[in-house]
Amino acid sequence: MVVLLKNTSSHQDLIVTPPTEGISLHGSVKIPGDKSISHRALMLGSIAQGKTTIQGLLLGEDPHSTAACFRMMGATISELNDTEVSIEGIGLGNLREPKGVLNAGNSGTTLRLMLGLLASHGDRFFTVTGDDSLRSRPMSRVVKPLAQMGATIWGREDNAFAPLAIRGRQLQGIHYHSPIASAQVKSCLLLAGLSAQGKTTITEPALSRDHSERMLKAFGAELSVDRETNSVTVVGRSGSLQGQNIIVPGDISSAAFWLVAAAIVPGSELLIENVGVNPTRTGILEVLAMMGADIVQENERLVTGEPVADLRVRYGKLKGCAIAGDIIPRLIDEIPILAVAAMFAEGTTTIKDAAELRVKESDRLAVTASELNRMGAKITELPDGLEITGGVTLTGCETDSYTDHRIAMSLAIAALAAKGTTTIHRAEAAAVSYPNFVSTLEKIIQ
Ligand code: S3P
């Protein structure tokens, strides 16, 4: 048995033991729905008029958090499944004051995007919270611009951390120059701007994922994008949103684990089907190509406004590279698994301009370095990135996910190419974005 899940008293260990004669990975993989698009489809469906259907929704814990919150505010959302979820929206501005605390769980996207809607729901009172990780993640990045629009939000440490309390208000549109390239900040303000007086414009220093822009337009919002300046403008109170039929593509951030796994495990070839290849998300493909990976896009198509393709990846020799600048927001969630690829490349890989990783579900720079170094990696933590020496031999050992889904899965892929047994504690975290990760891994190992 190469892969084994073991329940402990409070958590789940994933134990990976590649046989001494080695393994390779083969077959085709169906990845779960895109997390970012799933959240947005649930939210816009809830505030639109009429019926929305969603096919291919991610059934991870994060979208369940979003659905639970919007049900508490009056949206009728069928049981979540990946065949067809249906939502009876309650119309823009009609979210009800919930009787209890809205709980976003582990999901920064749920909390930050929802905050834009709550803050703009006049005269209603809301309280929001999340798990230990989410309650330690910065909320001032959305609370401050919302306050400039006239929002009233209270929270711990000068309104910087959840739990937060919100008194909805009629907001005023602003032009916000965001200091960070963050789709969560941009989307929060766009959602607030839907009901604000006048126009709301967000300019970001580099382009972050644009799923909100695409989906808001599809639902009928009056929205314009200026690619020259990385700005997006929404016109407030310009009419209702209309329910849509959404097909969610597979998540490239989940595909990333298989792309790297096949690229580093000798003799492997995988076909990853139905992957969202929106250009604001494909930094991982560009970097792996730069490193010399053999990845081919097949069957390219457009599915409800999002580009989609199948990705074929074969094992090949990798070389180190430098990753920095405007590409960072386009691969922000893939940095831990790129660090795994870099350990198996020739030469050094440096990652810079990625300080945002310190405020994700864990401090991903610190945790990636510490957990992979336990296995024998040579990774130096930089203030805003990582320096990874390639060509090392990894040895299995005890590691920890720090309850971060992407760390749990990155460690599992590193373990496939290590000598001996690796144990990943708190591996159940993977279910946040990839509930079938372990069964898929079992299926492709040969
Ligand atoms: C997301 C945006 C990114 C990303 C997160 C999902 C989104 O966060 O890391 O996993 O759906 O908008 P930031 O906007 O904080 O960079």
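Parameters and conventions
Residues numbered from 1 in each chain as written. Predicted model: local features only at pLDDT ≥ 70, side-chain atom pairs only at ≥ 80, totals over all residues. Heavy atoms only, no water. Domains from an automatic or database assignment. Contact = heavy atoms within 4.5 Å. Buried area = accessible area lost by both parts, 1.4 Å probe. Salt bridge = Lys/Arg side-chain N within 4 Å of Asp/Glu carboxyl O. Polar contact = N/O pair within 3.5 Å; in protein donor to acceptor, adjacent residues only side chain to side chain. Helix = DSSP H or I, 4+ residues; strand = E, 2+ residues; numbered from the N terminus. Nonpolar A, V, L, I, M, F, W, Y, C, P; charged D, E, K, R; others polar. Pairing = 2+ DSSP bridges. Axes fitted to C-alpha atoms, helices over the stretch in contact; angles between N-to-C directions.

Okay, the domain arrangement of the protein next. What the domain assignment reports for the protein is domain 1 (2-32 + 249-444) and domain 2 (35-247). For domain 1 versus domain 2, the distance between C-alpha centres works out to 29 Å. With 27 residues of domain 1 in contact, the opposing surface of domain 2 contributes 26 residues. Interface area for domain 1 against domain 2, summed over the two sides, is near 2200 Å², with a carbon-plus-sulfur share of 50%. Taken as a group, Thr280, Glu361 and Val432 account for 23% of the area that domain 1 buries against domain 2, more than any other trio of residues on that side. With a shortest N-O distance of 3.3 Å, Arg209 and Asp333 are connected by a salt bridge. Applying the counting rule to domain 1 against domain 2 returns 13 residue pairs in polar contact (both at pLDDT 80 or more). Elements supplying a minimum of two residues to the side of domain 1 that touches domain 2: strand E18 (306-314) and helix H13 (405-416). For the side of domain 1 that touches domain 2, a count of residues per class yields 11 nonpolar, six polar and 10 charged.

Before going further, it helps to spend a moment on the sheet that holds strand E15 (residues 245-247). Reading across from one edge, E5-E6-E4-E15 is the order of the four strands in this open sheet, with mixed pairing throughout. Each end of this open sheet is capped by a strand with a single partner; those strands are strand E5 (76-77) and E15. Bridging between strand E4 (residues 49-55) and strand E6 (residues 85-90) involves six bridges; their strand directions are antiparallel. Residue pairing for E6: Thr53 is matched across the bridge by Ser86. Relative to the sheet, helix H1 (residues 35-47) contacts E4, E5, E6 and E15, its axis offset from that of E6 by approximately 40°.

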